[in-house]
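Understanding the architecture of this molecule
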Amino acid sequence: MYTQAMDTMGRDGPGEGAARPVRSVEEMQRERHLQERFDARIDDGGFIEAKDWMPENYRRTLLRQISQHAHSEIVGMLPEGNWITRAPTLKRKAILMAKVQDEGGHGLYLYAAAETLGSSRDEMLGALHSGRAKYSSIFNYPTLTWADIGVIGWLVDGAAIMNQVPICRCSYAPYARAMVRICREESFHQRQGYDSLLVMMKEGTEAQRAMVQDAVDRWWWPCLMMFGPTDDQSPNSAQSMRWGIKRISNDDLRQKFVDATVPQAEVLGVTLPDPDLKWNEARQHWDFGPIDWAEFWRVVGGDGPCNRERLQMRVDAWEEGAWVREAALAHARKHTEPEKVSA
Ligand code: BYC
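Summarised in this report is the structure supplied together with it. (Residues numbered from 1 in each chain as written. Predicted model: local features only at pLDDT ≥ 70, side-chain atom pairs only at ≥ 80, totals over all residues. Heavy atoms only, no water.)

1. Notes on the overall build of the protein chain
Tallying secondary structure elements over the protein chain gives twelve helices and two strands in all. Element order for the protein chain, N to C, with α for helix and β for strand: α-α-α-α-α-α-α-α-α-β-β-α-α-α. Oriented by its inertia axes, the alpha-carbon framework of the protein chain measures out at about 85 × 75 × 35 Å. Pairs at least 24 apart in sequence give 75% of the contacts found in the protein chain among residues at least 6 apart. Total accessible area on the protein chain is roughly 19,000 Å²; 56% of this is exposed by carbon and sulfur atoms. The distance from the centre of the 42 positive side-chain charges to the centre of the 49 negative ones in the protein chain is 3 Å. (Helix = DSSP H or I, 4+ residues; strand = E, 2+ residues; numbered from the N terminus. Contact = heavy atoms within 4.5 Å. Areas by Shrake-Rupley, 256 points an atom, 1.4 Å probe, with all protein chains shown as cover. Lys, Arg positive; Asp, Glu negative; His and termini not counted. Charge placed at Lys NZ, Arg CZ, Asp CG, Glu CD.)

2. Section: the state of the cysteines
Under the counting rule described, the total for this entry stands at zero disulfides. In this structure Cys168 is not part of a disulfide, and its nearest cysteine sulfur, from Cys183, lies 3.8 Å away. (Disulfide = S-S within 2.5 Å.)

3. Concerning the packing of helix H2 (residues 56–81) against helix H6 (residues 173–203)
Remark: H2 packs on H6, axes separated minimally by 13 Å, with the N-to-C direction vectors making an angle of 25 degrees. On the basis of the axis angle, H2 is roughly parallel to H6. Once H2 is placed against H6, the crossing between them reads as left-handed. Judged by residue contacts, Leu62, Gln65, Ile66, His69 and Glu73 of H2 engage Tyr175, Met179, Ile182 and Glu186 from H6. Tallied by class, residues from the contact of H2 with H6 come to five nonpolar, two polar and two charged. (Axes fitted to C-alpha atoms, helices over the stretch in contact; angles between N-to-C directions. Parallel < 35°, antiparallel > 145°, perpendicular 65-115°, else oblique. Left-handed = near helix turned anticlockwise from the far one by under 90°. Nonpolar A, V, L, I, M, F, W, Y, C, P; charged D, E, K, R; others polar.)

4. Section: the site of the ligand
Lining the immediate surroundings of the ligand are 33 residues, of which Gln68, Lys134, Ser137, Ser234 and Lys246 lie closest. For the ligand, an oxygen atom lies 2.8 Å from a polar atom in the side chain of Gln68. A distance of 2.5 Å separates an oxygen atom of the ligand from a polar side-chain atom of Lys134. Of all the secondary-structure elements, those providing two or more residues to the shell around the ligand are H2, helix H5 (146–164) and helix H10 (293–300). When residues of the shell around the ligand are assigned to their parent elements, the largest contribution, eight residues, is made by H2. Across the shell around the ligand, the residue classes break down as 14 nonpolar, twelve polar and seven charged. (Near = heavy atom within 4 Å. Polar contact = N/O pair within 3.5 Å; in protein donor to acceptor, adjacent residues only side chain to side chain.)

5. A few points about the nonpolar core
Within the largest apolar cluster, 75 residues are counted, with the highest numbers of intra-cluster contacts made by Tyr58, Leu62, Ile66, Trp154, Tyr172, Tyr175 and Phe257. For this core, the leading source of residues is H5, giving ten residues. (Core = buried A, V, L, I, M, F, W, Y, C linked by side-chain atoms within 4.5 Å. Buried < 20%, exposed > 50% of the residue type's maximum accessible area, 1.4 Å probe, protein only.)

6. Some details on helix H9 (residues 250–268)
It helps to recall that an α-helix has 3.6 residues per turn; residues three or four apart then point in one direction. Taking 1.5 Å per residue as the helical rise, H9 with its 19 residues ought to reach 27 Å, and the 27 Å between its terminal C-alpha atoms agrees with that figure. Of all the bends in H9, the greatest, near 25 degrees, is centred on Thr261, and the proline Pro263 appears no more than four residues after it. Elements that come into contact with the buried residues of H9 comprise H5, H6, helix H7 (206–225), helix H8 (237–242), strand S2 (285–287) and H10. A positive backbone phi angle near 90 degrees is found at Gly269, which sits one or two residues after H9. (Expected span 1.5 Å × (residues − 1). Bend = angle between axes of the 7 residues up to and from the residue.)

7. Quick word on the side chain of Glu80
Relative to the helices and strands, Glu80 resides in helix H2. When its relative accessible area of 1% is taken as the criterion, Glu80 is described as buried. Every residue in contact with Glu80, bar those within four places of it in the chain, is listed here: Leu96, Lys99, Val100, Glu103, Ile149 and Ile152.

If you want it as structure tokens, here you go:
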């Protein structure tokens, strides 16, 4: 009977008995073997499936990144959703509605991928709605004019694709699979934004061209911030690169984005708002000016232009949608419970 005390080891509160349970030699050997198999698969560029053994920190890092990514998708619906009723033509309205719906779908694939790591949808949404979870800084900026919608497609989705294509090769297979589908849809999002801006710039009025330039001026720098802090200030990068969760670093992706975007801006006829933007022959890359990291951390910390409004809209949508969830659950129950036959 004294062995019953062993059951509480590691589960007591701080203080007495709070140490981790002692593991047997066999358990330690088994864990070492699993760790070696995991490391070998990562080193080989292989994939980890949901049912495979994984180190606890790998699971937690993925859960953090995938849930933040899912939150970004559903919060990202809000600034664009703002313009559905004000789209200038039926064609643009239909495109925008499809795009916003796609983003809801991306959130769904990503929450489903995160659930394979042992968290529930309710837990993740609880973290978002209470302000504990992060989502992309970019969605805390306002959409002031119709040109912002085109610029979100061109620059925000353009930056998102640049970051997300390497995630299609992420070592965690459920995340990589979700990203393949998301990237296909994102490339349509980017194209429709560019097309909308091209029409305004080439066939529009002087006022429309000025509206596009103003939107580019406001979104350019926040888009460069989307890739996260510089590599030397990024606490998660080294381990995430080692695990094959991240394949390309924050700074390298940011540079790739700038290099790809400058020629597109020339075709559009807009000026990117950076006096330091210059082709560097020796580096074979575009040099760009310093990013305002104080602004980035302010926005990430909850004090951006629209953080409070975005979070409030999410919470309101959740509360006002309670009856839909209840009705869906009641419907599901009706179809799973055996029918009661009256005597
Ligand atoms: N905003 O060590 P680091 C979309 C945080 S969806 C807010 O470099 P990591 C779209 C970071 O979380 C776009 N927070 O982190 C949707 C970390 O904090 P914690 C979203 C940021 O994870 C709808 C801390 O700063 N894309 O485009 O190695 C419509 C230190 O950073 C940001 C994804 O989520 C930021 N911008 O790298 C249209 C892609 N940057 O968690 C478009 C998947 C950094 O330690 N995510 N932080 O407290 C990733 O690739 C990586 O998580 C990141 C950051 C590159 C974003």
